[in-house]
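# Geometric and topological summary
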Amino acid sequence: MELKEILKKVVLLGDGGVGKTSLIARYVVNKFDDKYIATIGTKVSKKDIQVVRPDLIINLKLMIWDILGQKEYSKIRTSSMSGAQGLILVGDLSRPETVRSLEDFWLKEVKLSVGNIPTVIVGNKVDLLKKESMEAATLEAMGERLGYPTLLCSAKTGRNVEEIFSTLGEMLLEGVVSTAKTRKEKAPQTLAEVVDFIVQDFCAQYGDLEKAMLIVQHQFEEAGVDIRKPSKDAVLRALDGLAKAEELTLTKSVARVNLEERQRMVILSKG
Amino acid sequence: MEQDIKIETLIVMSVAIFAVLATVAFLVPFEDSNTKLFFIALVTVLTAINVVGLFMVWQSSPTIVDEVFLMTPTGMLLKHYTRRLRPDQDTDIMAGMLTAVQNFVRDSFDEAGGRLNEIRFENYDILISHTKNVVLAAIISTKKPEKLRVELKNANDDIEKAFGERLSHWSGDKSELGDVDVLMKKLLSGKYRK
């Protein structure tokens, strides 16, 4: 199991008051007060995302530069944008002019400073949106036209906020993931090889090899897996048990991703 | 452990020794003026030796580096070295904010694109050395930044030479960095000292 640590600089842009800072406040590592945005024009936060692939675990660190939304401060904004590898553009769905300025102003400025970079367009304050409002449709049409994913979210309710980071994270890792996909072609083929791979993968992610092996042994016994001649049904049953163990040590989402990936490998394996 | 001596301490010590000896020279009833002159000369010589000696000790004592941040000019932390445990500190964010502060100062005060080379705060000095693709920031608490400045620059030049090209199109994958530790250890162990 290969471990990769990848660092990416992401800038968060949009008009003043659209909710950029609120959007990230609950979901990132914040070490500095928000007042820094007003005093020095920027505040840096961090979002860690773990991406698990069959033979690769990626610790993606998104360094999020929350930049002052007042359009006049172009100099400090250009400095802060330097070297950005990802962009989150935020508009306020309850203020149409902030949605329009995403394309008319912010995107143009980013393109001038750092060129084309992976971008997610976000419509914030969806909780305030009236049913007849056209802003959501306008934003989605803009995203489609520009070829960027669009998310409607609410910093207040938390709706879709995590998805902003995971969507951008996936876009930023495209190169790395494609490497992983290439490796996938060389992945184990027979069921015995798949089982062997799953055991190794589980132990590597669990951390404590001795404990991990005991859990594997227990789950295999419970599910009736004959290690010399395993059957797909028995292995699939054992995978549920391993996922439950992983829920306790890793996170629920990681355990779920692992389970789905392992199930896929077992189903596709020969034997 | 290497001892750090502050210049203020040296001055106080020298003045104290001189005062004691001078008091003795004037208070003790010497039998003749030659003996008194001899004693005053002795006091002067001893004080001079004391001042020069202690100044040499201060000069030769190293600048103790508390922390070093190896970063890209865009604020991405490549490596962090510390001799203090600060569990509340997120070094990635620190590196970013340090860069943000530099950007702010540069954009606010210098039209010609200069660089912030030093930040002083109470007992701390942050020395910053820049090359095209590498920024080295060292935090010291020993009030002798001038001694470290050249070392930092030399180390940074070497890192730029060895890794600059790679860093100019770095994807963010830390495994692509190579063994920068060799040069950093050289800096931290004082091998860049003249």
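Residues numbered from 1 in each chain as written. Chains lettered and ligands numbered in written order. Predicted model: local features only at pLDDT ≥ 70, side-chain atom pairs only at ≥ 80, totals over all residues.

### Considering the overall build of chain A
As a reminder of what qualifies: The numbering of helices and of strands both runs from the N terminus, where a helix is a DSSP run of H or I of at least 4 residues and a strand a run of E of at least 2. As a rule, residues whose C-beta atom has 12 or fewer other C-beta atoms within 10 Å are exposed, those with 20 or more are buried, and those in between are partly exposed; C-beta atoms are placed from the backbone. By definition, residue pairs are in contact when their C-beta atoms, positioned from the backbone, come within 7 Å.
The helix and strand tally for chain A stands at 11 helices and 6 strands. Per-residue burial over chain A gives 39% buried out of 271 residues. Considering only residue pairs separated by 6 or more positions, chain A has 69% of its internal contacts joining residues 24 or more positions apart.

### Description of the interface of chain B and chain A
What counts here: Under the scheme applied here, ten amino acids are nonpolar (Ala, Val, Leu, Ile, Met, Phe, Trp, Tyr, Cys and Pro), four are charged (Asp, Glu, Lys and Arg), and all others, including Gly, are polar.
Counting residues at the interface gives 17 residues for chain B, matched by 25 residues for chain A. The class makeup of the residues in the side of chain B that touches chain A is 6 nonpolar, 6 polar and 5 charged.

### Looking at the nonpolar core
Residue and element names in this part refer to chain A. Quick note on the threshold: As used here, a nonpolar core is made of buried Ala, Val, Leu, Ile, Met, Phe, Trp, Tyr and Cys residues. They are joined through C-beta atoms within 7 Å.
The biggest cluster of nonpolar side chains holds 79 residues, and the ones touching the most others in it are Val10, Leu12, Ile88 and Leu89. Those residues in contact with leucine 89 that lie beyond four places of it in its chain are Leu13, Gly14, Leu102, Trp106, Leu107, Thr119, Ile121 and Val122. Val195, Phe202, Ala238 and Leu239 belong to the second-largest nonpolar core, a separate cluster that totals 16 residues.

### Overview of the environment of glutamate 135 of chain A
Within the secondary structure, glutamate 135 of chain A sits in helix 5 (residues 135–146). Expressed as a C-alpha distance, the spacing of glutamate 135 of chain A and arginine 95 of chain A, which sit 40 residues apart in the sequence, is 8.3 Å.

### Observations regarding the confidence of the model for chain A
All names here are of chain A. Stated precisely, the cut-off is as follows: Every residue gets a pLDDT, meaning the predictor's confidence in that residue, from 0 to 100.
Confidence along chain A averages 84 in pLDDT terms, with 91% of residues attaining 70 or more. Per-element averaging of pLDDT across chain A places helix 7 (residues 174–185) at the bottom with 50 and strand 4 (residues 86–92) at the top with 95. The model gives residues 177–187 a pLDDT under 50, and that stretch makes 7 contacts with residues more than four places away or in other chains.

### Some thoughts on unusual backbone geometry
Residues and elements named next belong to chain A. Phi is positive for lysine 125, close to 65 degrees, though the residue is something other than glycine. Within the secondary structure, lysine 125 sits in the loop between strand 5 (119–124) and helix 5. Even without being a glycine, asparagine 160 presents a positive backbone phi close to 65 degrees. Mapping asparagine 160 onto the fold places it in the loop between strand 6 (150–152) and helix 6 (161–172).

### Focus on the packing of helix 8 (residues 191–206) of chain A against helix 9 (residues 209–223) of chain A
Residue and element names in this part refer to chain A. Stated precisely, the cut-off is as follows: The angle between two axes is taken between their N-to-C directions and runs from 0 to 180 degrees, where each axis is a line fitted to C-alpha atoms and a helix contributes only its stretch in contact. Under this scheme an angle from 65 to 115 degrees is roughly perpendicular, one under 35 degrees roughly parallel, and one over 145 degrees roughly antiparallel; angles in between are oblique. Crossings are assigned a handedness: left-handed for a near helix turned anticlockwise from the far helix by less than a right angle, right-handed for a clockwise turn.
Put simply, helix 8 and helix 9 touch, their axes get as near as 8 Å, and they point 135 degrees apart. It follows that helix 8 is oblique to helix 9 by the angle criterion. Relative to helix 9, helix 8 is oriented so that their crossing is right-handed. Across from Val199, Phe202, Cys203 and Tyr206 in helix 8, the residues of helix 9 making contact are Leu209, Lys211, Ala212, Met213 and Val216. For the contact of helix 8 with helix 9, a count of residues per class yields 8 nonpolar, no polar and 1 charged.

### Examining the pairing of strand 4 (residues 124–130) of chain B
Looking down a regular strand, the side chains alternate between one sheet face and the other. All names here are of chain B. Convention followed: What makes two strands pair is DSSP finding at least two bridges between them.
With 5 of 7 residues buried, strand 4 is to be regarded as a mostly interior element. As judged from the 4 bridges shared by strand 3 (residues 118–121) and strand 4, these two strands associate in the antiparallel manner. Of the residues in strand 4, the one forming a bridge with glutamate 118 is leucine 127. The turn linking strand 3 back onto strand 4 is made up of 2 residues, and glutamate 122 within it adopts a positive phi angle of 45 degrees. The antiparallel hairpin formed by strand 4 and strand 5 (residues 135–140) contains 4 residues in its connecting segment.

### Details of the packing of helix 8 of chain A against helix 10 (residues 232–249) of chain A
All names here are of chain A. In the contact formed by helix 8 and helix 10, the axes pass within 11 Å of each other and the chain directions differ by 10 degrees. The orientation of helix 8 relative to helix 10 falls into the category roughly parallel. For the pair helix 8 and helix 10, contact is made by Leu191, Val195, Phe202, Gln205 and Tyr206 and by Lys232, Val235, Leu242, Glu246 and Thr249, respectively.

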